[in-house]
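Coordinate analysis (summary)
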Amino acid sequence: RRETLDEMWKKIALADGSMRPYGLGFQLQKVLGRPAVSHGGSLPGFRSEVIRFVEERATVIVLANSDEANASSLAVGIAQRGVPGIKPTTGSTTR
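What counts, and at which threshold
- Along every chain, residues carry numbers that run from 1 in the direction the sequence is written.
- The predicted nature of this model means local features are confined to residues of pLDDT at least 70 and side-chain atom pairs, given and counted, to a pLDDT of 80 or more, with totals for whole chains, interfaces and linings taken over all residues.
- Where side-chain values are given, they derive from all heavy atoms of the structure, hydrogens and water being excluded.
- Secondary structure elements are taken from DSSP: a helix is a run of H or I of four residues or more, a strand is a run of E of two residues or more, and numbering for both begins at the N terminus.
- Partly exposed residues are those whose accessible area sits between 20% and 50% of the maximum for their type, while under 20% is buried and over 50% is exposed, using a 1.4 Å probe and protein chains only.
- Note on definitions: a residue-residue contact is assigned when non-hydrogen atoms from the two residues lie within 4.5 Å.
- For the accessible areas, the method is Shrake-Rupley and the probe is 1.4 Å, while residue cover comes only from the protein chains on display.
- This count recognises Lys and Arg as positive and Asp and Glu as negative, with His and chain-terminal groups excluded.
- Lysine's charge is taken at NZ, arginine's at CZ, aspartate's at CG and glutamate's at CD.
- Salt bridges are defined as contacts in which a side-chain nitrogen from Lys or Arg sits within 4 Å of a carboxyl oxygen from Asp or Glu.

Thoughts on the overall build of the protein
Of the regular secondary structure elements, the protein holds two helices and six strands. Traced from its N-terminal end to its C-terminal end, the protein shows the element sequence α-β-β-β-β-β-β-α. Seen along its three principal axes, the alpha-carbon backbone of the protein occupies a region of about 35 × 35 × 25 Å. Residues classed as buried in the protein amount to 27% of the 95 residues present. Intrachain contacts of the protein at a sequence separation of at least 6 include 20% that bridge at least 24 residues. Here the protein has roughly 6400 Å² of accessible surface; of this, 55% comes from carbon and sulfur atoms. One way to put it: in the protein the 13 positive side-chain charges average out to a point 6 Å from where the 9 negative ones average out.

Describing the pattern of salt bridges
Enumeration according to the criterion identifies two salt bridges in this entry. When the shortest N-O distance is used, the salt bridge between Glu 55 and Arg 34 registers 2.7 Å. Note that Glu 55 is positioned in the loop between strand S5 (46-53) and strand S6 (58-64) and Arg 34 in strand S4 (residues 34-43), a separation of 21 residues in sequence. Judged by its relative accessible area of 51%, Glu 55 falls in the exposed class. If you follow the salt bridges from partner to partner, you end up with Arg 34, Glu 55 and Glu 56 in one network.

Structure representation (structure tokens):
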């Protein structure tokens, strides 16, 4: 349901009234200058990252069978090369 997505992608208010850029399980931020929601994780032997570029309606998902993979950087690099509307940048592929 659209209402559920809206709630998941909305900043949360803390008890002191300050806002945090974290929805229900998703980080809310700009990635490569574009509005995005993301979530990453790891377990021993695995790394993952999901980045949803809201305006482009595109999602990059990286699943790696390695403790040493930088899933976030891989996802950003894939977005630079494969998501229409996102321009490649020179240098680092970090957020």
